[in-house]
Amino acid sequence: MEEKWWQRSTVYQIYPRSFQDSNGDGIGDLPGITSRLEYIRELGADAVWLSPIYKSPNDDNGYDISDYQDIMTEFGTMADFDAMLEKAHSLGLKIVMDLVVNHSSDEHRWFVESRSSRDNPYRDYYIWREGKEDGGLPNNWGSCFGGSVWEYDEKTGMYYMHLFSKKQPDLNWDNPTVRDEVFRMMDWWLQKGIDGFRMDVISLISKPEGLPDGEPEANGYATFHLAANGPHEHEYLREMNRRVLSKYDLLTVGECAGVTLEEARSYANLDGSELSMVFQFEHMDADFDPVLGRYAEQHKDLPRLKEVLSRWQRDLEGIAWNSLYWDNHDQPRVVSRYGSEKEEYRETSAKMLATCLHMMQGTPYVFQGEELGMTNYPWTSIDQINDIESLGNYRAYLAKGLMTEEEGIRMMRRRSRDNARTPMQWDATKNAGFTTGTPWLPVNPNYVTVNAAEQLARADSVFHYYQRLIALRKEMDVIVWGHYELLEPEHPDLFVYTRTLGEESLLVICNFSEEEQTYKIPAEYRDSEVLIANYDTPAPAGKLRPWETLVLYRR
Ligand code: TEU
Ligand code: CA
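Residues numbered from 1 in each chain as written. Chains lettered and ligands numbered in written order. Predicted model: local features only at pLDDT ≥ 70, side-chain atom pairs only at ≥ 80, totals over all residues. Heavy atoms only, no water.

## Observations concerning empty space enclosed by the protein
Leftover empty space is mapped by rolling, across the atoms, a probe with the size of a water molecule. Summed over the entire model, instances satisfying the criterion amount to two cavities of 30 Å³ or more. Considered as a void within the structure, the largest cavity measures approximately 60 Å³ in volume. In terms of lining, the largest cavity is formed by Gln280, His283, Leu309, Trp312, Gln313, Asn322, Ser323, Leu324, Tyr325 and Leu357. At the level of elements, helix 8 (302–316) and strand 14 (323–324) are the ones that each hand at least two residues to the lining of the largest cavity. The residue makeup of the lining of the largest cavity, split by class, is five nonpolar, five polar and no charged. Estimates place the volume of the second largest cavity at around 30 Å³. Around the second largest cavity sit Asp327, Val334, Val335, Ala350, Glu370, Gly373, Met374 and Tyr466, which together line it. (1 Å grid on protein atoms, 1.4 Å probe; cavity = no way out; pocket = protein on both sides within 12 Å on 5 of 7 lines; lining within 4 Å. Points joined across faces, edges and corners; volume = space filled by probe spheres on them. Helix = DSSP H or I, 4+ residues; strand = E, 2+ residues; numbered from the N terminus. Nonpolar A, V, L, I, M, F, W, Y, C, P; charged D, E, K, R; others polar.)

Written as structure tokens, this is what we have:
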């Protein structure tokens, strides 16, 4: 099969609000991004995924769009966008836009029309239902952000569905006019010259027939994931592909909440009939509490994490394409999650985690600041939190008596999406060089030591380590195409795997712990070249040091 450009690429994700402010209002913006594109080029990434920059009232920081063909006021103008796109292309960087079309903002003119009367022509653009006979809600699904997915609208006496906030009403994809509108809008952006789409919760667009109740969870509601992989999902994506995507050479990645491996083989099939790849969540769930889910004490379970990642490696090979990620704007920082925040180990563990992911098959995604080993924020009060999901769930859990305030704050430190959204740490000057004003979210106090300027100036920094990993993928077919095999599946602290392509093979060894581990390198790799490692001296025979990683290459 002919190689696609995105199969050897690494994507850098920007959360625009937190990347670079250019005018001192404390909010990142498009001119700010433009001024930092060289930095991304320096890292070696091939493409940038921009979280939403469209017009939005910012109930969910841009994931609630009120005009798909205009720019968010705080971020700049369409002229700023065009300048950014041009600069990116001149540097050889592709631009992948976030496409949020499972829902719009309630301030989008479609919804303003839709809610105005039962027979408005836009009524059927959204999902309206009557309450149950007994006066109950149309069904028992719970929103991702806490509470029901149904909001009662006085004006017309019916409920509309919102899988996310009530300011994010779900679009009705079963209405062909909605699909026409969305496809036309996508084409408009593609005509501008963008290089792909990251499709927000695209797995949720086809709702199941009859919207049946589900089994309630600890919070009293059935999961909104009941809407995942619905009856017309693949039909709609194939239609999108046929009518829009197939006309261009794009990177498309579907964010697929609730996706199974079986489903992914269809979404991300190498035949190109739907999308290039998906973001799956199974490995993100591997440390969740079995009952309380993600807002509970984490359970590091390396055998489980290995099982999940290895299964995706194995079962998509030759059939579909993987995306590889630890961090994004919805996840706590991976160093705080699976590595160490301790100063003596932070960088070592960040490099280990990077190696573990970047030696796998798929397209790696690096979220802003991950390449510096940025960590979670030490939140001390709920008042510091901005994220709608964190606030909604915090309130819901407290109201249900599932946790105390103190436990709630501890959960925010472990889990809040705002851990990923604190401003990018550029240098050691005030506000980490992010803004001259007051940043919209606080800057992590560790910016004085953890920042890009310091790391660019130091050869053994996390930044330069990522740079090497990204360059290796460019040079080595075995990283792109090698067959994956997991070794030591049951080991509680070591993640070890091989990649093999013809005569070439890699042995990837990762110590996911602060303890020294005993490990005997398999005989066939004893004299192999060290491709990359996070210690600059060889490990003592039969041992691995805290958070150690090394990749051995043999041919
Ligand atoms: O997230 C979708 C999603 O599935 C959530 O469950 C997400 O994984 C959760 O917040 C993790 O804790 C997407 C966007 O990435 C997110 O930022 C938006 O808030 C959401 O859709 C609604 O558009
Ligand atoms: Ca600004």
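## Points about the coordination of the calcium ion (ligand 2)
Taken together, Asp21 (OD), Asn23 (OD1), Asp25 (OD), Ile27 (O) and Asp29 (OD) make up the full set of protein donors to the calcium ion (ligand 2), lying 2.3 to 2.4 Å away. The motif formed by the donor residues of the calcium ion (ligand 2), counted along the single chain, is D-x1-N-x1-D-x1-I-x1-D. Since its relative accessible area comes to 36%, Asp25 is described here as partly exposed. A relative accessible area of 2% means that Asp29 is categorised as buried. (Donors = N, O, S within 2.8 Å, 3.2 Å for Na, K, Ca; no water. Buried < 20%, exposed > 50% of the residue type's maximum accessible area, 1.4 Å probe, protein only.)

## A look at the sheet that holds strand 16 (residues 483–487)
Sheet architecture is open: five strands sit in the order 16-17-18-22-20, paired in antiparallel fashion. Either end of the sheet is taken by a strand with one partner, and the two such strands are strand 16 and strand 20 (529–533). Geometrically, the sheet is characterised by an average inter-axis angle of 20° between neighbouring strands, direction not taken into account. In this sheet, strand 18 (residues 504–511) lies alongside strand 17 (residues 494–501) in antiparallel orientation, the contact comprising eight bridges. Looking at strand 18, one finds that Thr500 is bridged to Ser505. The sheet strands contacting helix 15 (residues 462–475) are strand 20 and strand 22 (549–554), and the helix crosses strand 20 at an angle near 130°. (Pairing = 2+ DSSP bridges. Axes fitted to C-alpha atoms, helices over the stretch in contact; angles between N-to-C directions. Contact = heavy atoms within 4.5 Å.)

## Brief notes about the environment of Ile409
Along the chain, Ile409 falls in helix 12 (residues 405–415). Of the residues examined, Ile409 reaches a relative accessible area of 11% and is grouped as buried. The sequence separation of Ile409 and Val96 amounts to 313 residues, and the corresponding C-alpha distance is 35 Å. Excluding residues that lie within four positions of it along the chain, Ile409 makes contacts with Trp379, Thr380, Ser381, Ile382 and Tyr394.

## Some thoughts on the site of ligand 1
Looking at ligand 1, there are 19 residues lining it, with Asp60, Asp200, Asp330, Glu389 and Arg417 nearest. A distance of 2.5 Å separates an oxygen atom of ligand 1 from a polar atom in the side chain of Asp60. Between Glu255 and ligand 1, the recorded distance is 3.1 Å, taken from a side-chain N or O atom to an oxygen atom. A total of 490 Å² of accessible area belongs to ligand 1 in isolation, and the protein chains cover 97% of it. A molecule is said to occupy a pocket when more than half its atoms come within 2 Å of that pocket's grid points, and by this definition ligand 1 occupies the largest pocket. In the shell around ligand 1, the residues fall into seven nonpolar, three polar and nine charged. (Near = heavy atom within 4 Å. Polar contact = N/O pair within 3.5 Å; in protein donor to acceptor, adjacent residues only side chain to side chain. Areas by Shrake-Rupley, 256 points an atom, 1.4 Å probe, with all protein chains shown as cover. Sits in = over half its atoms within 2 Å of the grid points.)

## Description of the pairing of strand 9 (residues 158–161)
If a strand is regular, its side chains alternate between the two faces of the sheet. Residue alternation in strand 9 divides its side chains into two sets, Met158 and Tyr160 and Tyr159 and Met161, and both sets are buried. Alignment of strand 6 (residues 128–129) against strand 9, held across two bridges, turns out to be antiparallel. Of the residues in strand 9, the one forming a bridge with Trp128 is Tyr160. Inspection of the sheet shows strand 8 (residues 150–153) paired to strand 9 by four bridges, in the antiparallel sense.

## A few points about the environment of Phe19
With respect to the secondary-structure elements, Phe19 resides in the loop between strand 1 (11–14) and helix 1 (30–35). Sequence separation between Phe19 and Met424 is 405 residues, and the spatial gap between their C-alpha atoms is 5.2 Å. Excluding anything up to four places from it in sequence, Phe19 contacts Tyr12, Ile14, Ile33, Arg36, Ile40, Gln368, Met424, Trp426 and Phe434.

## Some details on the packing of aromatic side chains
Under the criterion given, the structure shown has 32 aromatic pairs. Taking the centre distance of 6.3 Å and the plane angle of 80° together, the rings of Trp49 and Tyr365 count as edge-to-face. On the criterion of sequence distance, the pair formed by Trp49 in strand 2 (residues 47–50) and Tyr365 in strand 15 (residues 363–367) is long-range, its members being 316 residues apart. Residues Phe279 and Tyr325 carry aromatic rings whose centres are separated by 5.3 Å and whose planes lie at 75° to one another, so their mutual orientation is edge-to-face. A residue pair is termed long-range when its members are at least 10 positions apart, and Phe279 in strand 13 (residues 277–279) and Tyr325 in the loop between strand 14 and helix 9 (334–338) qualify at 46 residues. For the residue pair Phe279 and Tyr325, the accessibility class agrees, reading buried in each case. Put simply, the rings of Tyr54, Tyr68, Phe81, Trp110, Tyr122, Tyr125, Trp188 and Trp189 pair up and form one aromatic cluster. The side chain of Lys94 reaches across the aromatic face of Trp5, ending 4.6 Å from its centre. (Phe/Tyr/Trp six-rings, centres within 6.5 Å; stacked < 30°, edge-to-face > 60°. Lys NZ or Arg CZ within 6 Å of the ring centre and 35° of its normal.)

## Digging into helix 6 (residues 233–243)
Turning to helix 6, its buried residues number three or more, namely Glu233, His234, Tyr236, Leu237, Glu239, Met240 and Asn241. Along its buried surface, helix 6 packs onto helix 5 (176–192), strand 10 (196–199) and helix 7 (261–267).

## What to know about the pattern of salt bridges
Following the criterion strictly, the structure yields 41 salt bridges and no others. Between Arg238 and Glu274 there is a salt bridge whose closest N-O contact spans 2.9 Å. Of this pair, Arg238 sits in helix 6 while Glu274 sits in the loop between helix 7 and strand 13, and the two are 36 residues apart along the sequence. In this structure, the salt-bridge partner of Arg417 is Asp330, at a minimum N-O distance of 3.2 Å. Of this pair, Arg417 sits in the loop between helix 12 and helix 13 (418–421) while Asp330 sits in the loop between strand 14 and helix 9, placing them 87 residues apart in sequence. For the pair formed by Arg417 and Asp330, the shared burial category is buried. One network of salt bridges, with partners in common, ties together Glu343, Arg346, Glu347, Glu454, Arg458 and Asp460. (Salt bridge = Lys/Arg side-chain N within 4 Å of Asp/Glu carboxyl O.)

## Things to note about the layout of surface pockets
Computed from the structure, the largest pocket encloses a volume of approximately 1,100 Å³. In terms of lining residues, the largest pocket is bounded by 47 residues, among which Phe224, His225, Asp285, Phe288 and Arg294 are the most central. Secondary structure elements with two or more residues in the lining of the largest pocket: strand 11 (222–223) and helix 11 (388–399). Here the lining of the largest pocket takes three residues from helix 11, the largest share from any one element. Looking at side-chain class alone, the lining of the largest pocket contains 19 nonpolar, 14 polar and 14 charged residues. Taken as a whole, the second largest pocket spans an internal volume of roughly 400 Å³. Around the second largest pocket, the lining comprises 24 residues; the ones closest to its centre are Ile521, Val530, Pro538, Ala539 and Leu550. When residues of the lining of the second largest pocket are traced back to their parent elements, those giving at least two are strand 20, strand 21 (543–544) and strand 22. In terms of residues, the lining of the second largest pocket owes the most to one element, strand 20, which gives four residues.

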